[in-house]
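Geometric and topological summary
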Amino acid sequence: MTHDPARPFGRLITAMVTPFAADGSLDADGAAALATYLVDEQRHDALVISGTGGESPTTTDAEKETLLRVVTEAVGNRARIIAGVGTNNTAHTVELARAAEKAGAHGLLVVTPYYNKPPQAGLLQHFTTVADATGLPVLLYDIPHRSGVPIATETLVRLAEHPNIVGVKDAKGDIAASSDVLSRTDLAYYSGEDAAILPLLSVGAVGVVGTSTHFIGAPTKDMIEAYERGDVAGALALHRRLLPLYTGIFRTQGTILVKAGLRALGLPSGPVRSPLVDATEAEVNQLRQDARAAGVNL
């Protein structure tokens, strides 16, 4: 794999769901098969394993390690594997980061500590401590509508000075703030919202960590590449074509609908773990409509 510092994890990344068996146990073989599909069929440059989309709140540390090992073995020679290690406990996050490095991860995704609402000084300390803990490149995950706290612009600028902090998964929904950070740092920005990929590319982002990209990864990559080569009209046409699924995948919680769509395609998926609940028949029918509008048959 070639490595471009401007795109440390390539352009197209998906936060992969975690397949479970019918009894709710981890389906390690299914995870390897799903990762292979995403890389070989949907043209992914990287995968996030054990992100929120992978139901990280309800998988054990041992399951997370198993997932990393099987996915890295399956596709790690042709895609970068990013371990979701963020929690709201700095010490636990450091433990997960070190375990991920030992398991063969190529990078770390570290979300803003959630629920305990640390001040900016606490965020600076948390992210710096985690970035110091391994030699792996770190992608910060800025998602205030879930975590309760944004990573402030000045905090991001300071964190960018750390040699291991290379980018941001940006789900802040504040394009002016993102543009400001991009103008003042070398951080690589990845859209954390599927529908915001093209707007963020226009201010200097490099790609996406997606959800609907389980199904429309390949055309999303086409859109990013079209924009990069200056075909803005082509990129806009693809954005408009894919928009029904970029937004439709979030009509309910994204993991629920991704797993429903994978089941419809006969791909490894299985049930979600409580407190999530599997999609209803009406939700599956709506997902099929949204997918069809984006050119995909589920």
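Residues numbered from 1 in each chain as written. Predicted model: local features only at pLDDT ≥ 70, side-chain atom pairs only at ≥ 80, totals over all residues. Heavy atoms only, no water.

**Some points on the sheet that holds strand E3 (residues 80-84)**
Note the following rule: Two strands pair if DSSP finds at least two bridges between them. Where helices and strands are cited, they refer to DSSP runs of H or I of at least four residues and of E of at least two residues respectively, numbered from the N terminus. Here the axes come from fitting lines to C-alpha atoms, over the contacting stretch only for helices, and the angles between their N-to-C directions go from 0 to 180 degrees.
Strands sit in the order E1-E2-E3-E4-E5-E6-E7-E8 around a closed barrel of 8 strands; the barrel is parallel. Averaged over all pairs of adjacent strands, the angle between their axes in this sheet comes to 25°, without regard to strand direction. Pairing of strand E1 (residues 12-15) with strand E8 (residues 207-210) involves 3 bridges; the strand directions are parallel. Along E8, the bridge assignment pairs Thr 14 with Gly 210.

**Thoughts on the packing of aromatic side chains**
Worth spelling out the cut-off: Two rings belonging to Phe, Tyr or Trp (six-membered ring only in the last case) form a pair when the distance between their centres is within 6.5 Å. Interplanar angles under 30 degrees mark stacking, angles over 60 mark edge-to-face geometry, and anything in between is tilted. Placement of a positive charge over a ring is assigned whenever Lys NZ or Arg CZ falls within 6 Å of the ring centre and within 35 degrees of the normal to the ring plane.
Tallying each qualifying case throughout the model produces 0 aromatic pairs. Over the aromatic face of Phe 20 sits the side chain of Arg 273, whose NZ or CZ is 4.1 Å from the ring centroid.

**Examining the pattern of salt bridges**
The criterion, for reference: Throughout this description, the term salt bridge denotes a Lys or Arg side-chain nitrogen within 4 Å of a carboxyl oxygen of Asp or Glu. Partly exposed describes any residue whose relative accessible area lies between the buried limit of under 20% and the exposed limit of over 50%, with all areas from a 1.4 Å probe on protein chains only and scaled to the type maximum.
Applying the stated criterion across every chain yields a total of 15 salt bridges. As a salt-bridge pair, Glu 63 and Arg 273 come within 2.9 Å of each other at their nearest N and O atoms. Separated by 210 residues along the polypeptide, Glu 63 in helix H2 (residues 61-75) and Arg 273 in the loop between helix H11 (254-265) and helix H12 (281-293) bring together distant segments of the chain. The same class applies to Glu 63 as to Arg 273, namely buried. Between Arg 184 and Asp 180 there is a salt bridge, with the nearest N and O atoms lying 3.7 Å from each other. Of the two residues, Arg 184 and Asp 180 both sit in helix H7 (residues 175-184), 4 residues apart, roughly one turn of that helix. Here the residues in one salt-bridge network are Asp 4, Arg 7, Arg 11 and Glu 228, joined through shared partners.

**Details of the UniProt feature "binding site: pyruvate" (unreviewed entry) in the protein chain**
Spelled out, the test is: UniProt positions are given in the numbering used here, feature names are shortened, and annotations may be inferred rather than shown by experiment. By definition in these notes, contact holds between two residues if any of their heavy atoms fall within 4.5 Å.
As recorded in UniProt, the sites labelled "binding site: pyruvate" (unreviewed entry) are Val 209. On the secondary structure map, Val 209 appears in strand E8. Those residues in contact with Val 209, other than ones at most four positions away along the chain, are Ile 13, Thr 14, Ala 15, Val 48, Leu 139, Lys 169, Tyr 190, Ser 191, Gly 192 and Asp 194.

**Side note on the UniProt feature "site: Part of a proton relay during catalysis" (unreviewed entry) in the protein chain**
Summarizing the sequence annotation, UniProt attributes the feature "site: Part of a proton relay during catalysis" (unreviewed entry) to Thr 52 and Tyr 115 in the numbering used throughout. Within the secondary structure layout, Thr 52 lies in the loop between strand E2 (46-49) and H2. Residue Thr 52 is classed as partly exposed on the basis of its relative accessible area of 31%. Apart from residues lying up to four places away in sequence, Thr 52 is in contact with Arg 146 and Thr 255. By the element assignment, Tyr 115 lies in the loop between strand E4 (107-111) and helix H4 (120-133). Among the residues examined, Tyr 115 registers a relative accessible area of 76% and is labelled exposed. When residues no more than four places from it in sequence are discounted, the contact partners of Tyr 115 are Asn 88 and Ser 147.

**Things to note about the pairing of E3**
Cut-off, in case you're wondering: Clockwise travel from the first strand over the helix to the second, with the strands pointing away from the viewer, marks a crossover as right-handed.
Counting buried positions along E3 yields 5 of 5 residues, so the element is predominantly enclosed. Neither face of E3 is exposed, since Arg 80, Ile 82 and Gly 84 on one face and Ile 81 and Ala 83 on the opposite face are all buried. When E2 meets E3, the two strands line up parallel, connected through 4 bridges. Looking across to E3, one finds that Val 48 is bridged to Ile 82. Where the polypeptide runs from E2 across H2 and back to E3, its parallel neighbour, the crossover connection is right-handed. Judged from the 3 bridges that link them, E3 and E4 form a sheet pairing that is parallel. Paired with Ile 82 across the strands is Gly 107, a residue of E4.

**Topic: unusual backbone geometry**
Note that the residue after Ser 274, namely Pro 275, is joined by a cis bond; omega there is 20°. Counting through the fold element by element, Pro 275 comes out in the loop between H11 and H12. Of note, the phi angle at Arg 43 is positive, near 65°, even though the residue is not glycine. Arg 43 sits in the partly exposed class, given a relative accessible area of 30%. Phi at Lys 117 is positive, roughly 50°, even though this residue is not glycine. Given a relative accessible area of 57%, Lys 117 falls into the exposed group.

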